[in-house]
Amino acid sequence: MAKKDDAPKWNRRDILAVAVLITLWGLFFWRYLTPDELDRVAFPLGDFTYHFYPYRTFAFSELRAGRLPQWMPCTFSGYPFVAEPQAAVFYPPTLLNFLILLAAGVARFPLRALEMEAMLHVLLASLMTYIFLRTEVRRRLAALLGAVVFAYGGYLTSYPPLQLAILESATWLPLALLGTKRGMESGRWGWGLVAVAGLTLSILAGHPQTAVLSFYAALAYALYLAWRMRIPWRTALARILIVCALVGGLCAVQLLPTIEYTRLSTRADIAFDESGTGFPPQDVVQFLVTGLVSHWQPLYVGILPLVLVWLALVAQRRRDTLFWLGLAIVALVLAFGKHVLGFEIAYLLWPAYSLFRGQERHAFLVGFALSVLAAYGADVLLAALTRRQRVWALAAGEGGQ
């Protein structure tokens, strides 16, 4: 029997929180959004302009001419464009972007439209993280803080906006987790479809590695929730398999050509040394300090969020604290690749891990898990202290003297 759906009710304070997130987004990107051309800046040259922008330009020109962009004749004497996942031919936000431009009578896809697409995905990531955290913590301010930590932490503000497919695939993890959580708790298939939507959008966005990480995170969360809520294993397995089947069916138009393309490419067989590239051990200092070990700081979280994470772990007021801690630790170990013992197991046993390199991209899951724990810590901090916590705080203060 389905449980009663006790999703949190939204009110004006939630609308205010959304307004705050939109305002923060505008402030963060104001140099890109300002109408003053003297103050306006553009995304730096690199893969964003030399890789993703030509892809979007070609797809837009083909669709404007009434053709499906199946074959790109100007690359390698011909290229199966639709099979290239980063082309994102079937990604709904990209198609919406094209539709708006076509309706406006634009003849050539502008770089400005691609920049807006990237920036709007950062906003989407913050909004969906807030919505997910509203089911995790009691206080809206705590959910707001967790959303800010994820959207404007080290990962999403480092290289993902320039590697557009990574950003867009990562954006939908909170939606997939929201559907997973509410679906497992209530047993309602409407929430299961939310999980399907999140995973489908992550796949169609065009970065298979990030989509696989999102899938594994959602799967681990579903199994954990099934264990915690004592859902019969047959019921839990049936729900998971149905979600997987729906995602596979919706993504088949992209997955089938991509799988065939990958099978015939060099990605079909990546040696362990190449697949095991990741952070060197000293990069752990990125959690606290930027600019010491590398150009990008995808592990950076900041001192205040880490203090809140520590408070959440000490207080232990949430049943799910250890799950998010475990997710952060496992993802961090895998992010170091062959430099730390553990990646070998994933490479040998977990499907798809032998296809990817650049294991530092696990920082995506590290950052998200820590943002959830920071929200837990903020929820504790904003609550009235219990007698036990007052005793603990007093003992901690005496110990520090």
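See above for the structure.
The notes below deal with the structure included here.

What counts and what doesn't
- Residues numbered from 1 in each chain as written.
- Predicted model: local features only at pLDDT ≥ 70, side-chain atom pairs only at ≥ 80, totals over all residues.
- Heavy atoms only, no water.
- Axes fitted to C-alpha atoms, helices over the stretch in contact; angles between N-to-C directions.
- Helix = DSSP H or I, 4+ residues; strand = E, 2+ residues; numbered from the N terminus.
- Parallel < 35°, antiparallel > 145°, perpendicular 65-115°, else oblique.
- Left-handed = near helix turned anticlockwise from the far one by under 90°.
- Contact = heavy atoms within 4.5 Å.
- Nonpolar A, V, L, I, M, F, W, Y, C, P; charged D, E, K, R; others polar.
- Expected span 1.5 Å × (residues − 1).
- Buried < 20%, exposed > 50% of the residue type's maximum accessible area, 1.4 Å probe, protein only.
- Arc of directions from axis to C-beta.
- Core = buried A, V, L, I, M, F, W, Y, C linked by side-chain atoms within 4.5 Å.

At their nearest, the axes of helix α8 (residues 173-186) and helix α9 (residues 189-204) sit 7 Å apart, and the two run at 160 degrees to each other. By the criterion of interaxial angle, the relationship of α8 to α9 is roughly antiparallel. Note on packing geometry: the crossing formed by α8 with α9 is left-handed. Contacts between α8 and α9 involve L175, A176, L178, G179, T180, R182, G183 and S186 from the first element and W191, G192, V194, A195, A197, G198 and L199 from the second. When the residues that make up the contact of α8 with α9 are grouped by side-chain class, the tally is eight nonpolar, six polar and one charged.

This part takes up helix α13 (residues 303-315). Compared with the 18 Å implied by 1.5 Å per residue over 13 residues, the 18 Å span of α13 between its first and last C-alpha is a close match. For α13, every residue scored as buried is listed here: P305, L308, V309, L311 and A312. The arc enclosing the buried residues of α13, seen along the axis, measures out at 160 degrees, which places them on a common side. Residue Q316 follows α13 closely and has a positive phi angle near 50 degrees.

Here we come to unusual backbone geometry. In this model, A88 sits at a positive phi of 50 degrees, which is unusual for a non-glycine residue. Relative to the elements of secondary structure, A88 occurs in the loop between α3 (47-64) and α4 (92-103). At R230, a position not held by glycine, the phi torsion is positive, near 55 degrees. Note on placement: R230 falls in the loop between α10 (208-228) and α11 (233-263). Using a relative accessible area of 73% as the deciding quantity, one classes R230 as exposed.

Core analysis: the biggest nonpolar cluster contains 114 residues, and F132 and W324 have the highest contact counts within it. Here the element with the most residues in this core is helix α16 (residues 363-382); it accounts for 13 residues. Discounting residues that sit within four places of it in the chain, W324 has contacts with F132, E136, L177, Y221, F368, A369, V372, L373 and Y376.

Geometric descriptors of this kind do not, in isolation, establish any biological role.
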